[in-house]
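If you want the building blocks of each chain, they are given just below.
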Amino acid sequence: MTQTDMPTGPALLAPAKVNLALHVTGQRADGYHLLDSLVVFADLGDRLSVTPAEDYSLTVTGPCSAGVPVDDGNLCLKAARLAGHPVAIALEKHLPNQAGIGGGSSDAAAVLRGLADLGTPLPDHPEVLGADVPVCLTARAARMQGLGEVVTPLEGLPPLPAVLVNPGRPVATPAVFKRLEKRDNPGMGEIPEDLATPADLAAWLATTRNDLEAPALALEPAIGAVLSALASLPGCLLARMSGSGASCFALFPDGAAAAEAARMLRAAQPDWWVVDTRLS
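Treat the numbers as computed from the prediction; the structure is a model and nothing was measured.

Looking at this structure, how should I read the packing of helix α1 (residues 75–83) against helix α2 (residues 103–117)?
When two helices pack together, their arrangement is given by the angle between the helix axes and by the axis-to-axis distance. It is at 8 Å that the axes of α1 and α2 come closest, and there the two elements cross at 35°. Where α1 crosses over α2, the handedness of that crossing is right-handed. From α1, Leu-75, Cys-76, Ala-79, Ala-80 and Ala-83 reach across to α2, where they touch Gly-104, Ser-105, Asp-107, Ala-108, Val-111, Leu-112 and Leu-115. In the contact of α1 with α2, the residues fall into nine nonpolar, two polar and one charged.

For this particular structure, what's the right way to read α2?
Given 3.6 residues to a turn, an α-helix orients residues that are three or four positions apart in the same direction. Helix length check: α2, at 15 residues, gives a terminal C-alpha distance of 21 Å against a target of 21 Å (1.5 Å per residue), a fit within 8%. Within the span of α2, buried status applies to Gly-103, Ser-105, Ser-106, Asp-107, Ala-108, Ala-109, Ala-110, Val-111, Leu-112, Gly-114 and Leu-115. Here the buried face of α2 lies against β1 (12–27), β2 (33–52), α1, β4 (87–92) and α3 (133–138). Looking one or two residues beyond α2, the residue adopting positive phi is Gly-119, at roughly 105°.

Looking at this structure, how should I read the sheet that holds strand β10 (residues 273–279)?
In a beta sheet, neighbouring strands pair by backbone hydrogen bonds and run either parallel or antiparallel. One open sheet holds the four strands; their spatial order is β8-β9-β7-β10, and the pairing between them is antiparallel. Two strands in the sheet have a free side with no partner beyond their single neighbour: β8 (238–241) and β10. Strand-to-strand twist across the sheet, computed as the mean angle between neighbouring axes with direction ignored, equals 20°. Two elements, strand β7 (residues 160–166) and strand β9 (residues 248–251), share four bridges in a ladder whose sense is antiparallel.

Explain the pairing of β2 here, please?
Across a regular strand the side chains alternate sides, sitting on one face of the sheet and then on the other. By the criterion of burial, β2 is predominantly enclosed, with 14 of the 20 residues buried. One ladder, built from 13 bridges, connects β1 with β2; its direction is antiparallel. The residue bridging Leu-13 from the neighbouring strand is Arg-47, located in β2. As paired strands, β2 and strand β5 (residues 142–146) are joined by five bridges and run antiparallel to one another. Bridge pairing links Leu-38 to Arg-143 in β5. Relative to β4, β2 is paired through six bridges, and the arrangement is antiparallel. Residue pairing for β4: Val-50 is matched across the bridge by Ile-89.

What is the right way to look at the pattern of salt bridges in this model?
When the charged atoms of two side chains with opposite charge come close together, those side chains can pair. Enumeration over the complete set of coordinates arrives at 11 salt bridges. Arg-140 is the partner of Glu-155 in a salt bridge, and the nearest nitrogen-oxygen pair spans 2.5 Å. Separated by 15 residues along the polypeptide, Glu-155 in the loop between β6 (150–153) and β7 and Arg-140 in the loop between α3 and β5 bring together distant segments of the chain. Overall, Arg-140 belongs to the partly exposed group, its relative accessible area being 32%. A salt bridge links Asp-184 to Lys-182; its shortest N-O distance comes to 3.2 Å. Judged by its relative accessible area of 45%, Lys-182 falls in the partly exposed class. Look at the salt bridges and you will find they share partners, linking Asp-46, Lys-93 and Asp-107 into a network.

Analysis parameters
- Residues numbered from 1 in each chain as written.
- Predicted model: local features only at pLDDT ≥ 70, side-chain atom pairs only at ≥ 80, totals over all residues.
- Heavy atoms only, no water.
- Axes fitted to C-alpha atoms, helices over the stretch in contact; angles between N-to-C directions.
- Helix = DSSP H or I, 4+ residues; strand = E, 2+ residues; numbered from the N terminus.
- Left-handed = near helix turned anticlockwise from the far one by under 90°.
- Contact = heavy atoms within 4.5 Å.
- Nonpolar A, V, L, I, M, F, W, Y, C, P; charged D, E, K, R; others polar.
- Expected span 1.5 Å × (residues − 1).
- Buried < 20%, exposed > 50% of the residue type's maximum accessible area, 1.4 Å probe, protein only.
- Pairing = 2+ DSSP bridges.
- Salt bridge = Lys/Arg side-chain N within 4 Å of Asp/Glu carboxyl O.

By themselves, these observations are geometric and do not establish any function.
Shown next, in the form of structure tokens:
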């Protein structure tokens, strides 16, 4: 099948990625960090389509499109070039940029999924695009380890009503890692099999960490304000930063509690990006 004969793929969801826990367990001689993370995905995110074309191109629209690069620095184009098939990518941005919820990585993974639907095989080493890309290819609850290339899907975790918040302050991941004081921390250990409710999972998560939270807070104090606001909401089971920040999440016992918490926070902080969602 030639590129011009390839069918156009449907609109694809690139869901927000949330690191419920993120342990930095080592650093290789080449500078890359080793991770151990419990990752889940929201029921909302960016949307994009890929259409076979004579050359690679990217257009970006949507409420969070400001500042998103449209040149080869964008992971969407890097993903398409890695797969080796020119496409026109139309990206509708709904997730904040440089926000710690995997927007760019999830977009890149969606491009690769879209190309796979059109008959292009997935590349052998998607982690070269970024540590989050392999887990974003699964777009489901998983444990991510190593450089991000070791992805173990998880069954049996309860769906998690949650609120996601970003204060509108982008945080650069390399700067956060640069401030990390200790790089050989313990891993998460075994994930219990009897986590039947959001409260069960939140209680276990309280024994875990996000090792990037402290260095991110040092770079961007607004993260502390977000965490305090989330923790004070009625019904909040756990509040934590996701990824390298500045986005944070709070878990709630049910969807109604999450929706009401989001409403309250939007009223109190109209300049923040606030959404209620379900993580799974």
